[in-house]
Amino acid sequence: MTTTQQFLTIGLVILGTMATRFLPFLLFPADKPTPPLVQHLGRVLPGAVFGLLLVYCLKNVSLVSGSHGLPEAVALAVVAGLHLWKRQMLLSIAGGTVVYMVLVQTVF
């Protein structure tokens, strides 16, 4: 990559980052109410992302071979327990990931 291409790439990355940071404030100013569609998406998307992550993580689990899905089941229980206890999605995901990795690396 030439120096010109490098500067152009850096400039475009900066422009893209600034656009994604500033665009929501331009589209939804503070003095106007948030559109109902955006409010609805704010309510349903976290659960949808959580469900998508769950399906993606469990799609290749085999109950008839290997560890029979035990580390996945334990991690899933930890995620559910943390989420019911604290109601913080990132904590739930991080806690389940840590438990799963510890189980896979040390126990199974």
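This is a predicted model, so every value here is computed, not measured.

What counts and how
Residues numbered from 1 in each chain as written. Predicted model: local features only at pLDDT ≥ 70, side-chain atom pairs only at ≥ 80, totals over all residues. Heavy atoms only, no water. Helix = DSSP H or I, 4+ residues; strand = E, 2+ residues; numbered from the N terminus. Rg over C-alpha atoms; globule rule 2.2 N^0.38 Å. Buried < 20%, exposed > 50% of the residue type's maximum accessible area, 1.4 Å probe, protein only. Contact = heavy atoms within 4.5 Å. Areas by Shrake-Rupley, 256 points an atom, 1.4 Å probe, with all protein chains shown as cover. Expected span 1.5 Å × (residues − 1). Arc of directions from axis to C-beta. Phe/Tyr/Trp six-rings, centres within 6.5 Å; stacked < 30°, edge-to-face > 60°. Lys NZ or Arg CZ within 6 Å of the ring centre and 35° of its normal. UniProt positions renumbered as here; feature names shortened; annotations may be inferred.

On a plain count of helices and strands, the protein comes out with four helices and zero strands. Listing every helix and strand of the protein by position from the N terminus yields α-α-α-α. Rg of the C-alpha trace for the protein: 21 Å, well past the compact-globule value of 13 Å for 108 residues, more than 25% over. Considering only C-alpha atoms, the protein reaches an extent of 50 × 45 × 20 Å along its principal axes. Residues counted as buried form 9% of the 108 residues belonging to the protein. Partitioning the intrachain contacts of the protein with sequence separation of at least 6 by distance along the chain shows that 44% fall at a separation of at least 24. With the model as given, the accessible surface of the protein reaches about 8,700 Å², and the carbon-plus-sulfur share is 73%.

Owing to its 3.6 residues per turn, the α-helix brings residues three or four apart onto one side. Taking 1.5 Å of rise per residue, the 17 residues of helix 3 (residues 70–86) would be expected to cover 24 Å, and the 24 Å separating its terminal C-alpha atoms lies within 8% of that figure. For helix 3, the full list of buried residues reads Pro71, Glu72, Ala75, Val79 and Leu82. Each buried residue of helix 3 lies within a common arc of 95° when the element is viewed along its axis, so the set occupies one face. Opposite the packed face of helix 3, turned more than 90 degrees from it, sit the exposed residues Leu84 and Trp85. Buried residues in helix 3 make contact with helix 2 (36–58) and helix 4 (89–107).

Further remarks concern unusual backbone geometry. Phi at His68 takes a positive value of approximately 60°, unusual for a residue other than glycine. Here His68 shows up in the loop between helix 2 and helix 3. For Arg87, which is not glycine, the phi torsion reads 60° and is therefore positive. Looking at where Arg87 falls in the secondary structure, it is placed in the loop between helix 3 and helix 4. With relative accessibility at 58%, the residue Arg87 sits in the exposed group.

What follows deals with the packing of aromatic side chains. The tally for this structure, following the rule as stated, stands at zero aromatic pairs. The ring of Trp85 is capped by Lys86, whose NZ or CZ atom sits 4.5 Å from the centre of that ring.

Right, let's talk about the UniProt feature "transmembrane region" (unreviewed entry) in the protein for a bit. Sequence positions flagged by UniProt for "transmembrane region" (unreviewed entry) are, in local numbering, residues 7–28, 40–58 and 89–107. Along residues 7–28 the backbone is 95% helical and 0% strand, and the end-to-end C-alpha distance reaches 32 Å. For residues 40–58, helix accounts for 100% and strand for 0%, while the C-alpha atoms at its two ends are 28 Å apart.

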